Amino acid sequence: MKTKKSLNITSKEIVYQNKWSLVTKTLFKKGSEIKEVFTTHYGKRSAVILYHEDKVLLVKQFRLLIDNFSWEIPGGRAEDSETFEQAASRECEEETGYLCNSLLPLVKFEPGLETLSNSTKIFVCKDFKKSRNLDSSEIIESSWFSIEEVRKLLLEGYFLDSLTIIGLQSLLLNQHNGE
């Protein structure tokens, strides 16, 4: 059950901004205490899991923070003018060369509730076709992984990014529930 508690926000200002994100500083009073919170705003994020014959398509990308490669579901930031669905389709085609004909909602979440603003939706696509050969500079390669292999790799902690972990766990949970 949600209960709404109001805070006495004393100030809110943008302290940093670039074309991909902005950081706000919010001061609010809670009782006699003043709290300072910095929130990074990234906008909307979408991803899609291509699913065919008990396999999912993952893409391999180099990630700076781990200084290594990572297998992930295709996804990324939605442009301001895009819906979650449009962004998921665009990201999928850019990263895999596959065009999604239809998307089924899988999960929606907020990765942070105070210091990170990045509303995220993940979709499943079972109806897709190859639209072009992959020529993206973002992706090293793509590969189909069986559901059993995905389950094993999840249990081993192989996947590191939250988007992929939440997406794949949601897919497995939905399969378990017969959806």
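Residues numbered from 1 in each chain as written. Predicted model: local features only at pLDDT ≥ 70, side-chain atom pairs only at ≥ 80, totals over all residues. Heavy atoms only, no water.

Engineer: What exactly am I supposed to notice about the overall build of the protein chain here?
Structural biologist: Along the protein chain, the regular secondary structure elements total 3 helices and 11 strands. Oriented by its inertia axes, the alpha-carbon framework of the protein chain measures out at about 60 × 35 × 30 Å. For the protein chain, the residues scored as buried account for 37% of the 179 residues in total. Surface exposure of the protein chain reaches about 11,200 Å², of which carbon and sulfur atoms provide 51%. The distance from the centre of the 24 positive side-chain charges to the centre of the 26 negative ones in the protein chain is 7 Å. (Helix = DSSP H or I, 4+ residues; strand = E, 2+ residues; numbered from the N terminus. Buried < 20%, exposed > 50% of the residue type's maximum accessible area, 1.4 Å probe, protein only. Areas by Shrake-Rupley, 256 points an atom, 1.4 Å probe, with all protein chains shown as cover. Lys, Arg positive; Asp, Glu negative; His and termini not counted. Charge placed at Lys NZ, Arg CZ, Asp CG, Glu CD.)

Engineer: Can you walk me through the nonpolar core in this structure?
Structural biologist: Considering soluble globular proteins, one finds that nonpolar side chains tend to be buried as a cluster. Grouped together as the largest cluster of nonpolar side chains are 21 residues, with contacts concentrated most on Ile49, Val56, Ile73, Ile122, Leu168 and Leu171. Contributions of two or more residues to this core are made by β4 (45–52), β5 (55–63), β8 (98–109), β10 (120–130), α2 (147–155) and α3 (162–176). The residues touching Ile73, leaving out its near neighbours within four places in the chain, are Ala47, Val48, Ile49, Leu58, Val59, Glu95, Ile122, Leu163, Thr164, Gly167 and Leu168. If you look at the next biggest cluster of nonpolar residues, it comprises 11 residues, including Val48, Cys92, Phe123 and Cys125. (Core = buried A, V, L, I, M, F, W, Y, C linked by side-chain atoms within 4.5 Å. Contact = heavy atoms within 4.5 Å.)

Engineer: Which parts of the structure should I look at to understand the pairing of β4?
Structural biologist: Regular strands place side chains that alternate from one sheet face to the opposite one. Counting buried residues along β4, 7 of its 8 residues qualify, which places the element largely inside the surrounding structure. Pairing of β4 with strand β7 (residues 75–77), which is carried by 3 bridges, proceeds in the antiparallel orientation. Looking at β7, one finds that Arg45 is bridged to Arg77. Here 6 bridges tie β4 to β10, and the two strands are oriented parallel to one another. The residue bridging Leu50 from the neighbouring strand is Cys125, located in β10. Examined bridge by bridge, β4 and β5 share 2 bridges and lie antiparallel to one another. Along β5, the bridge assignment pairs His52 with Lys55. In this antiparallel pair of consecutive strands, β4 and β5, the connection spans 2 residues, and Glu53 shows a positive phi of 50 degrees. (Pairing = 2+ DSSP bridges.)

Engineer: What should I look at first to understand the pattern of salt bridges in this one?
Structural biologist: Counting across every chain of the model gives 10 salt bridges. Between Glu13 and Lys25 there is a salt bridge, and its shortest N-O distance comes to 4.0 Å. Taken together, the residues span a long stretch of sequence, with Glu13 in strand β1 (residues 8–17) and Lys25 in strand β2 (residues 22–30) at a distance of 12 residues. Residue Glu13 is classed as partly exposed on the basis of its relative accessible area, which comes to 40%. Sharing partners across several salt bridges, the network here consists of Glu82, Arg90, Glu91 and Glu94. (Salt bridge = Lys/Arg side-chain N within 4 Å of Asp/Glu carboxyl O.)

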